Amino acid sequence: MEVCAARAPGKIILAGEHAVVHGSAAVAAAIDLYTRCSLCLMPLADDEAAATLELDLKDPGLTFSWPCGRLREVLLTDEAAGAREARPCSPDRLASIARLLEEHEIPEAKIWLSAGLSAFLFLYTSILGCRPGKVTVSSDLPMGSGLGSSAAFCVSMSGVLLTAAGVVTAVGGISGEGMGWELVGKDDLELVNRWAFQGEKIIHGKPSGIDNAVSTFGSMIKFKKGELTNLKSSNPVKMLITDTRVGRNTKALVAGVSERASRHSDAMASVFNAVNSISEEVSSIVELAANDEIAITSKEEKLAELMEMNQGLLQCMGVSHSSIETVLRTTLKFNLVSKLTGAGGGGCVLTLIPTMLSNLVLEKVIAELESHSFRCFKVEVGGQGLQVCQGGCSYFNGDVV
Ligand SMILES: Nc1ncnc2c1ncn2[C@@H]1O[C@H](COP(=O)(O)OP(=O)(O)O)[C@@H](O)[C@H]1O
Ligand SMILES: C[C@@](O)(CCOP(=O)(O)O)CC(=O)O
Ligand SMILES: [Mg+2]
């Protein structure tokens, strides 16, 4: 039985969500909340009929299982066509995957999972063929809340599958972590990122690629038209994340913005252009601060103003929500600036925490936000991207922690 695991972080978008789908720049950073995937590859059983592919999703608390013979029959494939090149999921293959999912009773209240399940079946069978195995997924990230759970799912899944296929290899430990997680080389990360993007396409419809890129490579990045620039950031910004707990779906919100853009093409082009300027300014402030070329208070004031402007433009795009407005009003009472992060329509809101803000005030802000039944997270910004564990992980006992 071969065992390996991978973990990939969620993200925040400091500026540029939605507009990035239409070619504007955006700035995003990894956060220290992870999705972990583990894989036990089973030996090819003597009893062919008993061989299955199992998926255990810890967070929704659901397990799924497919006989390998049924996968072969419906997907008309056995061998993986080669993991070294990421391929898109053809409409025919997506329709076959939908047929496989129809054979499972997914509870109506959890129907949103079917997009993640489709991405899983696509990635697994494309990279490993119809081999028997058990995949376990657990996550610190709230799902469908703007923190990039779909990308962390696709990146950690692609990471573990490509590691099991022997295509991706670990290059060394992470100092201080002591958990067996290892980093991955640049070329391997590029390959994981390309596969994860194909998975994101199944979940998001038309992703820009920023979420899978920041989850794969970590750190803080500027992203524009598929091009990624690493932003040095010596003094990472402190952000409070508030999850409004209002559920929403990125695919529908992205489609809504595109429809508005086709109805009002000139006006929306100007909105996207303004967002592009905001993201460019945010990225240059981050870099100036890293080189000590700007005082920390001045950096925070500029970032706060840009976040406020970006939020106004996101309202223009039609992706704000009354719950988001409640967070904005609540934090403004403490002179703090907030903006939605991710696709909006509910989900998570970022609040910039100035260095000078006392812990006492921060706790008051959190208490007031939580009195509205929102949930707050204090996160570290700009950390590692994908990490893998190639067998021998002591904490791995069929479950990932
Ligand atoms: N841990 C997970 N287990 C199963 N599916 C997941 C997991 N994380 C994400 N997903 C899939 O991703 C979808 C959420 O993606 P999305 O709407 O883009 O929101 P976000 O990426 O902001 O969390 C879920 O509905 C589910 O299909
Ligand atoms: C709205 C968008 O810019 C980010 C979506 O992020 P999330 O899935 O809400 O975490 C879409 C994209 O860039 O693919
Ligand atoms: Mg997503």
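Structure: see above.
What counts as what
- Residues numbered from 1 in each chain as written.
- Chains lettered and ligands numbered in written order.
- Predicted model: local features only at pLDDT ≥ 70, side-chain atom pairs only at ≥ 80, totals over all residues.
- Heavy atoms only, no water.
- Near = heavy atom within 4 Å.
- Polar contact = N/O pair within 3.5 Å; in protein donor to acceptor, adjacent residues only side chain to side chain.
- Helix = DSSP H or I, 4+ residues; strand = E, 2+ residues; numbered from the N terminus.
- Nonpolar A, V, L, I, M, F, W, Y, C, P; charged D, E, K, R; others polar.
- Buried < 20%, exposed > 50% of the residue type's maximum accessible area, 1.4 Å probe, protein only.
- Patch = residues over 30% accessible without salt bridge, like charges linked within 9 Å, V, L, I, M, F, W, Y side chains within 5 Å.
- Areas by Shrake-Rupley, 256 points an atom, 1.4 Å probe, with all protein chains shown as cover.
- Salt bridge = Lys/Arg side-chain N within 4 Å of Asp/Glu carboxyl O.
- Lys, Arg positive; Asp, Glu negative; His and termini not counted.
- Charge placed at Lys NZ, Arg CZ, Asp CG, Glu CD.

A.B. asks: Sorry if this is basic, but what is going on with the site of ligand 1 here?
C.D. replies: Around ligand 1 lies a shell of 20 residues, among which Gly144, Gly146, Ser149, His204 and Thr250 are the nearest. In the model, an oxygen atom of ligand 1 is placed 3.0 Å from a nitrogen or oxygen of the Ser150 side chain. The separation between an oxygen atom of ligand 1 and a polar side-chain atom of His204 is 2.8 Å. Contributing elements (two or more residues each) for the shell around ligand 1: helix H3 (113-128), strand S5 (133-139), helix H4 (149-164) and helix H5 (186-204). At 3 residues, the largest contribution of residues to the shell around ligand 1 is made by H4. Residues belonging to the shell around ligand 1 are distributed by class as follows: 8 nonpolar, 10 polar and 2 charged.

A.B. asks: So what exactly am I meant to see when it comes to the environment of Pro236 here?
C.D. replies: Summarising the element assignment, Pro236 is placed in the loop between strand S9 (227-231) and strand S10 (239-243). Residue class for Pro236 comes out partly exposed when judged on its relative accessible area of 39%. Each C-alpha atom of the pair Pro236 and Gly383 lies 9.8 Å from the other, and the pair is 147 residues apart in sequence.

A.B. asks: What should I look at first to understand a negative patch on the surface in this one?
C.D. replies: Among the surface-exposed residues, Glu281, Glu301, Glu305 and Glu308 lie close enough to one another that they form a single negatively charged patch. At 3 residues, helix H9 (residues 296-317) tops the list of elements feeding residues into the negative patch. Within the secondary structure, Glu305 is located in helix H9.

Fair warning: the whole summary comes from geometry, so function is off the table for now.
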